[in-house]
Every structure is written in C-alpha cells, then in structure tokens.
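# Summary of the model geometry
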Amino acid sequence: MASTTTSTPTTEYERARALRQEQINALPIGDLSAVPEVHRLGPAITQREYLIDGRLDTWPGAMQEIVSPVIVGGKPVVIGSVPMMDSATSLLALDAAARAWGNGMGVWPAMPISGRIACMQKCVSLMKAQRDRVVNLLMWEIGKNLGDSQREFDRTIEYIIDTIDALKDLDRVSSRFSISQGIIGQIRRSPLGVVLCMAPFNYPFNELFTTLIPALIMGNTVICKPAKFGILIHQPLLNAYRESFPPGVLNFVYGDGPVVVGPLMTSGRVDVLAFIGSSKVANILKKQHPRPHHLRSVLGLEAKNPGIILPDADLANAVKECALGAWSFNGQRCTAIKIIFVHESIAETFVSMLTAAVESLKPGLPWSAGAQLTPLPEPGKPKWMADYVNDAVANGARVANPSGGVGNETFFFPAILYPASLKMKICHEEQFGPVTPVCTFSDIAEPLKFIADSKYGQQVSVFGKDTDKLSTLIDGLVTQTCRVNINCQCQRGPDTFPFTGRKDSAEGTLSVSDALRVLSIRTLVATKATPQNEGIVTEIIHSRKSKFLNTDFIF
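Residues numbered from 1 in each chain as written. Predicted model: local features only at pLDDT ≥ 70, side-chain atom pairs only at ≥ 80, totals over all residues. Heavy atoms only, no water.

### With respect to empty space enclosed by the protein
Operational definition: Definitions used throughout: a 1 Å grid over protein atoms alone; a cavity as a set of points that fits a 1.4 Å probe which cannot get out; a pocket as an open set with protein on both sides within 12 Å along at least five of seven lines; a lining residue as one with an atom within 4 Å of a point. Grid points are joined across faces, edges and corners, and a volume is the space filled by probe spheres set on the points.
Enumeration over the complete set of coordinates arrives at six cavities of 30 Å³ or more. One number sums up the size of the largest cavity: a volume of about 90 Å³. In terms of lining residues, the largest cavity is bounded by 16 residues, among which Leu299, Gly300, Leu301, Phe499 and Ala506 are the most central. For the second largest cavity, the calculated volume is near 70 Å³.

Encoded structure:
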C-alpha cells in the first residue's frame, strides 16, 4: 500500500497520505552514528556459545544471521548470529535434562523448595545486571520501542518474584496433613519431568519466562528453544543461567525447528510441551510425540479477539481502548483486538474518531522519543498486511485513515478497513499486525454468531453502559471466551489473573499461581491411621528425613 505515484496529491486524504509517506521514508538511518550512543549495540554479536549440561560450549558449525528490522544504509542491519545446531547436539540437551531429572531423583527435583527458591533468587540478581543490554537487544531485534522493552524486562523480573511468593503460599498450604476415613495423607505438588519451553517473537523474554520459571521452580528440568526473533536477548544471560542452576537443569537449543525440536519430540522423552505460538505448529509437535497421553501440553495459541461497540457506548473511551488494544506493539499480540463490531447507528462517528486516533500515533525507530509505531521484525510482513488490505478493498471496504498501509520494507502504518464484511480474509484469520477491520451490526446476534462460529476463543471487549444488556452479554460470552473485558481493551495482565482460551486459542491456564499447578501434579503420601503408622510418620517428620513428607513452613 506504499504510495508510488509522482503526481501531485489533489485531495486532503491524498495530501495526508503523501506527507505520511515522506515521514516514513525518513525513518531509515544512513549509518549507526545516528543512533544514540546508549542504544548502540557495537560490533555484531557472534554467539557461538550455548548452554547444555551446565557448560558453555562453543558451536563449531553453521550460524544463523540475526537481522534487525531497523534499516541502516538502505538495508536491514545484521546485528549478530547464533548456532544452527544439528539434531545430535539437540539430543545432547535432552540427555542432560533427563540426567538432571534422574527419574525424579536428580539433584534438582529432589532439592527442597527453599533450595530451588534460592537458586531462582540468585538468577534474578544476576539478570538485573544485564537489563540495559537485554532492552537494547529487544529494540534492535524485534523493533519494540524503548518503553515497552523496558517494561518487558521489568515485568519478567516481577513475574519471577511473584512466582516465588506464590510457591511459598502453595507450599504453606501443603505443609499440613489431612485425615479422612481413617487415612492420613499429605498432599503436595510434584514436578512432571523434562519440559520443552518455546516462546513467541512478540514477547520473547517475558513469554518464555512465564513457562520456564514455574517449570523450573516446581522441580522440572528444562530445554529452551528461543523465539525465531528475539534470540540474542539470552546471550547476555547465559552466564547467569549457568551459575544459578545445577548442570542439566536449564539447557538451550538453537536452529531450525524441524532439525532441533523434531527429534526431541519423537524421542518420547519430553514430558511437557510448553509452547506459545501457532496452533499449526503446536499440532505438528504434539503429533510427533509417540506417547500422546504421556505428554502434557501447556499452549498459548492464536486469537481473534473482537471489540463490540454498543449504541450507548462512551465513544471517547471505546476509541481510546480499541486503539490501544489494536495497535500496541503494531498489533503483534495474541491479546490484541483484531476485529471491531460497531452498531450501525454510531458507526460513522466511531470510525471518524478511530481514524483520528490512529493518525495521531507517532512512527519512529524503537529508541525514538515517543515512538508508538515501529518496524516489523518478520520478513515480508508489510506485504502480508498489504494483501489483507487489497483483499478487503476488492470486497467493498475502504482504507478509512489516510496513512493506512503507508510504509517501506519493514514498516507498515496501521490501516482501518471499513466497512468490513465477513467475506474478507482478515475477518477470519489472525492478522497479527496493524490492520483492523471494522464491521457494522444492527442486531447483537451478528457479532455473537461470529464469536460462536470462530475457531478461537480467548477474549472479547464490550463497550456500553446498559447494565441489563451488558449482563446478558456477559453471561453468554463467558461460555465462548475466557475473558470478557467491559469498557477496556483485551489484555493479559495482571499476571495474577488466569490467562487461557477456548477452542484453538489455548490449552491449560497460565497465571502466576495457575502456571505452578499446570506444570506440576498433585501427589500424596498416605497411610492407615494406626499407632504404628502414626509413629513412623512422626519419626520421619521429626528427623527431617524426607523432603516431601514434612511440615516445614517457608517464610
């Protein structure tokens, strides 16, 4: 959708579009000297080291170039490279994780909870020292703006601390015994085994840790496959990981998924798949496991979260929340509002206000002051977005905002497609980018049918004031989605709230406390309440001979 005409713009819409194209054309920088010194990465990072079995070994083979979406000197700049591992090396990581697991008797799963917490606290302390480096890598590698990159790091540290506190609470509850029908029992949560953690590129730091941290702290051993973009962010942290955990507890693999992940799954030795990405890839991975009922899956997948604007909605608030929900980090969020249904009586006013809101967003480079729209990390993403726009226009929509679709090789200004209809591709596919269809409705049954028929079921945002209508909608929507947002955008946080989805949107629930449960299993020790057995249990507790059977209270 980038403008290529050389004729003089004649309408206000065309003039605004031409001015925006000039602004976007000025975004690429001539050389790295234009980057503020504090945000320069220095020489390209050649990361040959990788963490397996507590060692930082050196990879001797082929490397994968890491290319930034930031254009320097007319082309995206290469900022580093990482190992392109082979299957044999990936299986070494599995061997290390399996040894550390030791059929549940390894050092890590057998370690008291207080010991695992101490290791995690050490890791947090070491990670904090690398904050600025990780933030810069987030900006350069995935194009996330400075504020959001800082928040991603800080939120991750907070998540780890909150997880430690949640585990303490969980363990305190489990430190007592239950007696029922003449049976004495102590119920605790036990680890599951070897966990494979895979993260998405949009939150390559935070989303990985939302499964990695609870998996580790519950006593599992972990193999991590970093996101396809956002790989280098772990390079400054490898020493922290190595120094904080026993050998084999945390391992990293790099390379093509079919080469390094496929063998892990087909081995049948992975006990848990913790994956955040597409349902297509998740289905492939699950089918590769030879024992499907042995494999536990924790999946965060696609969504097509709708916003519904009722006739009595506070339009100023609805526009503000829809703009945040649709275009934060360029719409590259599974929790983004990806389609809007607005009542026909207010549609023109709403779209006019939404157009003004999107046109006010500031494009820039990730470190630019106030930048709200930044380059897209996926190669070919602007063309992918333009294809959605062209399909919608061919089927009767128009690009409501003058700047919609203006861009360059790695940038795409958000486009509002109005009036959209369900025959357009973008109304059924997860666009994961800055293009938003706006449909009108006369009967609330229309958006409700869309939600019921959708293969996704993560969230919905409803904007209105009539409590009778809202109550009816809430009661229906909670059976189709897993979070109903009233007069606010779709989002994941706060992390203490459950994050999950129905249908093809998720499997399992993630939150600070839910993740601890989904990555462990309830286990009990039981005996008949006879004097002899009571004496045995008492002796075990008093002598502190068992790490599981105890009444210790963690402060």
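### A look at the sheet that holds strand S7 (residues 183–190)
To be explicit about the condition: At least two DSSP bridges between two strands are required for those strands to pair. Starting at the N terminus, helices and strands are each numbered in turn, a helix being any DSSP run of H or I of at least four residues and a strand any DSSP run of E of at least two. Geometry is summarised by axes, namely lines fitted to C-alpha atoms with helices restricted to the contacting stretch, and by angles between N-to-C directions that run from 0 to 180 degrees.
Pairing within the open sheet is antiparallel, and its three strands lie in the order S6-S7-S23. Of all the strands in the sheet, just strand S6 (178–180) and strand S23 (521–528) have a single pairing partner and so form its edges. The mean angle between the axes of side-by-side strands here comes to 35°, regardless of whether they run parallel or antiparallel.

### Brief notes about unusual backbone geometry
In the segment running from Tyr418 into Pro419, the intervening peptide bond is cis, with an omega of -10°. With respect to the secondary-structure elements, Pro419 resides in the loop between strand S16 (415–418) and strand S17 (435–441). Omega for the peptide link from Gly493 to Pro494 comes to -5°, which places this bond in the cis form. In this structure, Pro494 sits in the loop between strand S20 (483–486) and strand S21 (502–503). Residue Phe329 is not a glycine yet carries a positive backbone phi of 45°. As for its placement among the helices and strands, Phe329 is situated in the loop between helix H12 (315–327) and strand S14 (337–343).

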